[in-house]
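Survey of secondary and tertiary structure
What follows is the residue order along each chain.
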Amino acid sequence: MAGGGFVDTSGGKEYPGNVTLYVIFASIVAAFGGLIFGYDIGISGGVTSMDSFLLSFFPSVYHKAKVDTSTNQYCKFDSELLTLFTSSLYLAALVASVCASTVTRVAGRKWSMFGGGIVFLFGAALNGAATNVAMLIIGRILLGVGVGFANQSVPVYLSEMAPARLRGMLNILFQLMITIGILVANLINYGTAKIAGGWGWRVSLGLAGVPAIMITVGSLFLPDTPNSLIERGHPDEAKAMLKKIRGTEEVEAEYEDLVAASEEAKQIKHPWRNILEKRNRAPLTMSICIPFFQQLTGINVIMFYAPVLFKTIGFGDDASLMSAVITGLVNVVATFVSILAVDRAGRRFLFLQGGIQMLACQIVVGALIASVFGTTGEGDMTKVKAVFIVISICAYVAAFAWSWGPLGWLVPSEVFPLEIRSAGQSMNVSVNMLFTFFIGQLFLKMLCAMKFGLFYFFGAWVIVMTIFVYMFVPETKGVPIEEMVLVWKNHWFWGKYISDADIHVGKKPSA
Ligand code: BGC
């Protein structure tokens, strides 16, 4: 029953061919798209904790935090304008990812990446040169458009270039770049915060142009995916590309399947209506619940606000930024665990283990903060407790980095049938951005209102999502993407949504 459908996939297809250097190189370049997303996540928290930045743009926040030192620790940084600065990007990304799905389909994946990179570059320039809040927020909206285009096109690109058996690993390259972007941003903040003239924040924001140039220039050298070439009416080029990326002349079987899948996809006039059909209930649920739960782990409280959070618990400026660097490093390193384990231990194991570890850490952090600041928000943090908090937060970040982080992008991208995969991917990105926006916008308010209970709030959601995975998310490790319907058919709950007619000829349920 629960434990969710184990499917015998021994009848699954394996196409001939190797993992070529060409594919690996193209995947790394495309994954640069994750770099701009990550840089952005990491940069705003540090910048919003720099005094010179606050004084220039959010003086009321600065004065509340600095001058009125007697106020409740939990509410020091509560400012709607400040959170709007951080989270405006995600609303822009949400809207942009819907538009990007059309560009990605009609013009090809690489042009979405290119366009995203260019717009992001303008956003970085505007932010670095900002002289008022409007310039800052417009700049961030442009960054958001860039992120929306990249997050829509890069995962699709990676999935299409990857040979089936490496799908998980190559997909997680995207998440790896996200974590590297976050870490680099944290390091840059650590350095620029020390710039005496108080213009360090300009360097932090302006340097976002570097990953933007990397993806913009890199995308020009990227080949189109065979799928996209077929879709856009270039079958010969598609076949040649397939030979090149698989490193073999024997691509007929895969090519035929691509053509057939593309024909099937062309018959779907309204993917958004199709996605609502009964047989798609399971993947649709995944594309909504997984990004929603990913954000409700509370990870972005750490990613956006680590320096602010560490200041709240009594660290000095330098120690706060340093702690953010440490969590950023843990985030990158732990992602490698996922890269190695995802196709061996499987998705479910990582989800369940990660959930339990995150919950344990949230309970510890909540209890430590409660023991110092109680409900009044007054108190002094001891060194020992502060160190324990940082360690627990690191263990929490590690658990996220090998579970909900990468799997939040991987699983929704691999469970849809081809004809609605792109619509499903849009849904995933949109839900993710929407709840990233909510967390970004509400976190400081929630900390002020819920105090240490905020950690229990996210902990409660981690319990819900872990039960959800246990009951409703089947193992998808090693299952060829086009056979996913069998996983649902064999599942104790989702099985009833799949009729025999929904299973294409030639595929028989194994149980
Ligand atoms: C999430 C981001 C998060 C990041 C942390 C990504 O998978 O979508 O919201 O900040 O992981 O590494």
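Here's a quick rundown of the structure. (Residues numbered from 1 in each chain as written. Predicted model: local features only at pLDDT ≥ 70, side-chain atom pairs only at ≥ 80, totals over all residues. Heavy atoms only, no water.)

The next point concerns the packing of helix α4 (residues 80-106) against helix α20 (residues 421-450). Between two packed helices, both the angle of their axes relative to each other and the distance between the axes serve to describe the pair. Between α4 and α20, whose axes approach to 8 Å, the crossing angle comes to 175°. Regarding the angle of α4 to α20, the classification is roughly antiparallel. In this structure, α4 uses Glu80, Leu82, Thr83, Leu84, Ser87, Tyr90, Leu91, Ala93, Leu94, Ser97, Val98 and Ser101 to contact α20, whose residues at the interface are Ser426, Val429, Ser430, Met433, Leu434, Thr436, Phe437, Gly440, Gln441, Leu444 and Lys445. For the contact of α4 with α20, the class distribution of residues is 12 nonpolar, 9 polar and 2 charged. (Axes fitted to C-alpha atoms, helices over the stretch in contact; angles between N-to-C directions. Helix = DSSP H or I, 4+ residues; strand = E, 2+ residues; numbered from the N terminus. Parallel < 35°, antiparallel > 145°, perpendicular 65-115°, else oblique. Contact = heavy atoms within 4.5 Å. Nonpolar A, V, L, I, M, F, W, Y, C, P; charged D, E, K, R; others polar.)

Below, the discussion takes up a nonpolar patch on the surface. A grouping of Trp111, Ile213, Val217, Leu220 and Phe221 is seen on the molecular surface, where their side chains present a nonpolar patch of about 520 Å² in accessible area. Ranked by residue count, the leading element in the nonpolar patch is helix α9 (residues 209-221), at 4 residues. For Leu220, the position within the fold is in helix α9. Since its relative accessible area comes to 43%, Leu220 is described here as partly exposed. (Patch = residues over 30% accessible without salt bridge, like charges linked within 9 Å, V, L, I, M, F, W, Y side chains within 5 Å. Areas by Shrake-Rupley, 256 points an atom, 1.4 Å probe, with all protein chains shown as cover. Salt bridge = Lys/Arg side-chain N within 4 Å of Asp/Glu carboxyl O. Buried < 20%, exposed > 50% of the residue type's maximum accessible area, 1.4 Å probe, protein only.)

Another point: the packing of helix α1 (residues 21-47) against helix α7 (residues 167-192). Viewed as axis vectors pointing N to C, α1 and α7 meet at an angle of 40°, and their least axial separation amounts to 5 Å. Between α1 and α7, the angle falls in the class oblique. For the crossing formed where α1 meets α7, the hand is right-handed. Here the residues of the contact of α1 with α7 sort into 20 nonpolar, 9 polar and no charged. (Left-handed = near helix turned anticlockwise from the far one by under 90°.)

Next up on the list: the site of the ligand. Taken together, the neighbourhood of the ligand is formed by 13 residues, with Gln175, Gln294, Gln295, Asn300 and Asn331 sitting nearest. A distance of 2.7 Å is found between an oxygen atom of the ligand and a side-chain nitrogen or oxygen belonging to Gln175. Taken together, the elements giving at least two residues each to the shell around the ligand come down to α7, α14 (281-296), α15 (299-312) and α19 (404-414). With 3 residues, α7 is the largest single contributor of residues to the shell around the ligand. (Near = heavy atom within 4 Å. Polar contact = N/O pair within 3.5 Å; in protein donor to acceptor, adjacent residues only side chain to side chain.)

Turning to its location among the elements, Phe351 is positioned in helix α17 (residues 347-373). Residue Phe351 is classed as buried on the basis of its relative accessible area of 1%. Each C-alpha atom, one on Phe351 and one on Thr327, is 20 Å from the other, the two residues being 24 residues apart in sequence. Among residues more than four places away in sequence, those in contact with Phe351 are Ser403, Trp404, Leu407, Val411, Val469 and Val473.

The next subject is the environment of Ser159. Its place among the elements puts Ser159 in helix α6 (residues 133-161). For Ser159 and Leu170, which are 11 residues apart along the polypeptide, the C-alpha to C-alpha distance reads 7.6 Å. At 2.9 Å, the side chain of Ser159 and the backbone oxygen of Pro155 are in polar contact.

Turning next to the packing of aromatic side chains. By convention here, two paired aromatic rings are described through the distance between centres and the angle between planes. For the structure shown, the criterion picks out 29 aromatic pairs. On the numbers, 5.1 Å between centres and 85° between planes, the contact of Phe57 with Trp201 is edge-to-face. Of this pair, Phe57 sits in helix α2 (residues 51-57) while Trp201 sits in helix α8 (residues 200-206), and the two are 144 residues apart along the sequence. Between Phe351 and Trp404, the aromatic rings sit 4.5 Å apart at their centres with planes inclined by 55°, giving tilted as the arrangement. (Phe/Tyr/Trp six-rings, centres within 6.5 Å; stacked < 30°, edge-to-face > 60°.)

Across all of its chains, the model carries 12 salt bridges by this definition. Across the pair Arg232 and Asp224 runs a salt bridge, and its minimum N-O distance is 2.8 Å. On the basis of relative accessibility, which here comes to 23%, the residue Arg232 falls in the partly exposed class. A residue is classified by how much of its surface remains accessible, and Asp224, at 16% relative accessible area, is buried. A salt bridge links Asp343 to Arg347; its shortest N-O distance comes to 3.0 Å. A network of salt bridges, in which partner residues are shared, links Arg167, Asp343, Arg347 and Glu414.

This paragraph deals with the environment of Val397. Residue placement: Val397 occurs in helix α18 (residues 383-402). Note: C-alpha distance between Val397 and Pro291 (106 residues apart in sequence) is 17 Å. Setting aside residues up to four positions removed in sequence, Val397 forms contacts with Ile299, Ile302, Met303, Thr327, Val330 and Asn331.

Next up on the list: helix α12 (residues 252-267). Compared with the 22 Å implied by 1.5 Å per residue over 16 residues, the 23 Å span of α12 between its first and last C-alpha is a close match. Within the span of α12, buried status applies to Glu254, Tyr255, Leu258 and Ser262. Projected down its long axis, α12 carries its buried residues within an arc of 100°, all on one side. In this structure, the buried residues of α12 make contact with α10 (226-231) and α11 (235-246). (Expected span 1.5 Å × (residues − 1). Arc of directions from axis to C-beta.)

This brings us to α11. Along its 12 residues, α11 runs 16 Å from first to last C-alpha, staying within 8% of the 16 Å computed at 1.5 Å per residue. Buried within α11 we find Ala238, Met241, Leu242, Ile245 and Arg246. All buried residues of α11 project into a common sector of 115° when viewed along the axis, lining one side. Phi turns positive one or two residues past the end of α11, at Gly247, with a value near 65°.

Within the secondary structure, Thr192 is located in helix α7. The contact partners of Thr192, leaving out residues within four places of it in the chain, are Met50, Gly200, Val203 and Ser204.

This part covers the side chain of Ser97. Among the secondary structure elements, Ser97 is positioned in helix α4. Apart from residues lying up to four places away in sequence, Ser97 is in contact with Gly148, Gln152, Ser426, Val429 and Ser430.

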